[in-house]
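Report on the structure
The chain contents come next:
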Amino acid sequence: MEVYLGRLPILDNKQNLVAYELLFRSDQHNVVTITDNSAASANVIIDTYGQLGIENVIGKRRGFIKVDDKLLLNDTICMLPKKHVVLEILRSVDINDEIIQRCSFLKQKGYQLALSNVTHLDARFDRIMPLINVVKINITALSQQDLLSLVKRLRRWPVLLLAEKVESQEIARNCIALNFQMLQGFYFAKPEIISGKRIDPSKLSLLKLLLLVVRDSEVGDIENELKYQPGLSYNLLRMVNSAANGLPSTINSIKRAIMILGRKQLQRWVQILLYAAKQRDGGTSDALMQTATVRGKLLESIAIADRPHDKNHQDRAFMVGVLSLLDTLLGIEMSELVGTLSIQKDMSEALLTRRGSLGYQLALIEAYEKGESEIVLSMLPELGFLSMEEFIRLELEATAWAHRITDAVNQTA
């Protein structure tokens, strides 16, 4: 049986990507509820730390791995690098003397421990709580009153709170108000449109720059616009240099970057940097930037597999991937953005309705992001040129590339 890996993002309360939950997926059975948890987690571990390489899967962030009692008590678990993992103890684990002793041993070894899918606390938790670093709370299973009561009880211990299944900005704001330090769910990728909302001036200038690039304006006009944004220029040079492995020397001026890269490449970096724009509260959309960058690179890789000699199609695929979250970033309807950018019909259809080949491939990527393996496996045959194994490889390559790009932007100046 071939085993594949999914990753669900875990964010802090500023929307920065801090960890992933690593998911087991099989291409044959597509069963999300695994009966043999130990075998499922073992496969995740083998894939992640063996053939795939931890750096490619989660970069510098931590990976939450579900463990049952069998895996928790197995000595092979100590082969995992403690700085990279959080061992997520399943709800089904009986918290007995043996488990307490084992958790105490792992804690002394330097491993971080989490409790999974917590909806209530009873006396059996009292013994294990001093050993726990993170408590994952399934907020969809609780009323607001029960959630308040649970959070209050958990304050007895110095644990971090992680809200699972956060699917809207409203729920996210409620959890942050209750002092949850981490949130898991796809609320961050959903647009929150406020009618008549004015765009943040910093984002407006980036949109203006993107328009200059998309509409093939003169290189001098692009350079002049960049001069008014020193922070953007600095990040642009860092990004370009981090990705330009084959260049003989460091690019240290915007003019040189434009000359060497050309308009199409410059356009890529500007699109990505839209997501690195400072918000009014001083934060950035780290998770959005990571997701948009992976989408762009992966959609381009699929386009290369589909039409290896059509560079124009590949460029447009990259652009569709990156721009697919722009409505979320700016709080503007995608239809309005598409009209402003005046892009080609197949691109606008992909962004608005997920129609056409680019739209279908974007929908495929979105399903994979959410861990919906059964949907991915039903969609791949329709492409006709990509197996699940090849898709996973392209996704990992795109993720590794995106980690390099986003890390370069997020480095301290």
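Let me begin by describing the structure that accompanies this report. Computed from a predicted structure; not experimentally measured. (Residues numbered from 1 in each chain as written. Predicted model: local features only at pLDDT ≥ 70, side-chain atom pairs only at ≥ 80, totals over all residues. Heavy atoms only, no water.)

**A closer look at the overall build of the protein**
Note the threshold: The way it works is that DSSP assigns letters per residue, a run of H or I at least four long becomes a helix, a run of E at least two long becomes a strand, and they are numbered from the N terminus. Only protein chains enter the area calculation, which uses a 1.4 Å probe; residues under 20% of their type maximum are buried, those over 50% are exposed, and those in between are partly exposed. Two residues form a contact once any of their heavy atoms are found within 4.5 Å. Per-residue and other accessible areas were derived by the Shrake-Rupley procedure at a 1.4 Å probe size, with only the shown protein chains allowed to occlude residues.
Scanning the protein for helices and strands turns up 19 helices and 8 strands. Counting the 413 residues in the protein, one finds 55% classified as buried. Long-range contacts, defined here as pairs at least 24 residues apart, represent 65% of the contacts in the protein between residues at least 6 apart. By element, 51% of the accessible surface of the protein is carried by carbon and sulfur atoms, the whole surface being about 18600 Å².

**Here we look at the nonpolar core**
Going by this rule: Grouping buried Ala, Val, Leu, Ile, Met, Phe, Trp, Tyr and Cys residues that are joined through side-chain atoms within 4.5 Å yields what is termed a nonpolar core.
Core analysis: the biggest nonpolar cluster contains 134 residues, and Ile137, Phe180, Tyr275 and Phe391 have the highest contact counts within it. A total of 10 residues in this core trace back to one element, the largest contributor, which is helix α19 (residues 388–410). Excluding its chain neighbours within four sequence positions, the residues that come into contact with Phe180 are Asn13, Ile137, Ile139, Leu147, Val151, Leu161, Leu162, Ala163 and Cys175.

**Describing unusual backbone geometry**
The backbone of Lys165 shows a phi angle near 60°, a positive value even though the residue is not glycine. Of note, Lys165 is situated in the loop between β7 (160–164) and α7 (169–177). The exposure class assigned to Lys165 is partly exposed, which follows from its relative accessible area of 44%. A positive phi angle, close to 70°, is found at Asn179, a residue other than glycine. Here Asn179 is to be found in the loop between α7 and β8 (182–184). What makes Asn179 partly exposed here is its relative accessible area of 48%.

**Focus on the pattern of salt bridges**
When charged atoms on two side chains of opposite charge get close, those side chains can pair. Selection rule: Criterion for a salt bridge: a side-chain nitrogen of Lys or Arg within 4 Å of a carboxyl oxygen of Asp or Glu.
The final tally for this structure, using the stated rule, is 22 salt bridges. A salt bridge links Lys136 to Glu164; the nearest nitrogen and oxygen atoms lie 3.6 Å apart. Of the two residues, Lys136 is situated in strand β6 (residues 134–138) and Glu164 in strand β7; the sequence distance between them amounts to 28 residues. The exposure class of Glu164 is buried, given its relative accessible area of 10%. Linked by salt bridges that have partners in common, Glu21, Lys66, Glu88, Lys136 and Glu164 make up one network.

**As for the side chain of His313**
Tracing the backbone shows His313 in helix α13 (residues 311–323). The residues touching His313, leaving out its near neighbours within four places in the chain, are Ala303, Asp306, Arg307, Ser357 and Leu358.

**Concerning helix α12 (residues 286–306)**
Note the following rule: Multiply 1.5 Å by the residue count of a helix minus one, and that product is the helix's expected span.
If you check α12, its first and last C-alpha atoms are 30 Å apart, about what 21 residues at 1.5 Å a residue would give, namely 30 Å. Most of α12 is tucked away, with 17 of its 21 residues classed as buried.

**A few points about the packing of α12 against α13**
Heads up, the rule is: Note on definitions: angles span 0 to 180 degrees between N-to-C directions of axes, and those axes are lines fitted to C-alpha atoms, for helices only across the stretch in contact. For this classification, under 35 degrees means roughly parallel, over 145 means roughly antiparallel, 65 to 115 means roughly perpendicular, and everything else is oblique. Crossings are sorted by hand: turned counterclockwise from the far helix by less than a right angle, the near helix makes the crossing left-handed, and turned clockwise it makes it right-handed.
In the contact formed by α12 and α13, the axes pass within 7 Å of each other and the chain directions differ by 155°. With respect to each other, α12 and α13 are oriented roughly antiparallel. Crossing angle aside, the handedness with which α12 passes α13 is right-handed. The residues of α13 that touch α12, namely those facing Ala292, Arg295, Gly296, Lys297, Leu299, Glu300, Ala303, Ile304 and Asp306, are His313, Gln314, Ala317, Phe318, Val320, Gly321 and Val322.

**Re the packing of helix α17 (residues 356–369) against helix α18 (residues 373–383)**
Formally: Three classes are used, and their members are as follows: Ala, Val, Leu, Ile, Met, Phe, Trp, Tyr, Cys and Pro are nonpolar, Asp, Glu, Lys and Arg are charged, and the others, Gly among them, are polar.
Closest axis-to-axis distance for the α17/α18 pair is 9 Å, and the angle between their directions is 155°. The pairing of α17 with α18 is recorded here as roughly antiparallel in orientation. Crossing of α17 over α18 shows left-handed handedness. On α18, the residues that touch Tyr360, Gln361, Ala363, Leu364, Ala367 and Tyr368 of α17 are Ile375, Val376, Met379, Leu380, Glu382 and Leu383. Across the contact of α17 with α18, the residue classes break down as 10 nonpolar, 1 polar and 1 charged.

**Details of the packing of aromatic side chains**
Quick reminder of the rule: Pairing of aromatic rings covers Phe, Tyr and Trp, the last through its six-membered ring, and needs centres within 6.5 Å; plane angles under 30 degrees mean stacked, over 60 mean edge-to-face, and all others mean tilted. Both a distance and an angle decide whether a charge sits over a ring: NZ of Lys or CZ of Arg must be within 6 Å of the ring centre and within 35 degrees of the ring normal.
Tallied over the entire structure, the rule returns 5 aromatic pairs. Geometrically, the ring pair formed by Tyr187 and Phe188 is edge-to-face, given 6.1 Å between the ring centres and 85° between the ring planes. Accessibility assignment for this pair places Tyr187 and Phe188 in one class, buried. Measuring from centroid to centroid gives 5.3 Å for Tyr368 and Phe391, while their planes differ by 80°, and the two rings are edge-to-face. Pair noted here: Tyr368 is in helix α17 and Phe391 is in helix α19, with a separation of 23 residues, a long-range link. Across the pair, exposure class does not vary: Tyr368 and Phe391 are buried alike. Site record: aromatic cluster; members linked through ring pairs are Phe186, Tyr187 and Phe188. The ring centre of Phe125 lies 4.7 Å from the NZ or CZ of Arg124, which sits over that ring. In this arrangement the basic side chain of Arg268 is found over the ring face of Phe318, its NZ or CZ atom lying 4.1 Å from the centre.

**A short note on the environment of Glu88**
Within the fold, Glu88 resides in strand β4 (residues 85–89). Along the primary structure Glu88 and Glu21 are separated by 67 residues, whereas in three dimensions their C-alpha atoms are 9.2 Å apart. For Glu88, the contacting residues outside a window of four places in its chain are Glu21, Phe64, Ile65, Lys66, Val67, Ala114, Ser116, Lys136 and Glu164.

**As for helix α6 (residues 144–154)**
Selection criterion: Here the arc refers to the set of directions running from the helix axis out to each C-beta atom.
All buried positions along α6 are accounted for by Leu147, Leu150, Val151 and Leu154. The buried residues of α6 all sit within an arc of 100° when viewed along its axis, so they share a single face. Exposed residues pointing more than 90 degrees away from the buried face of α6 are listed as Gln145 and Lys152. Taken together, the buried residues of α6 touch β5 (112–118), β6, β7 and α7.

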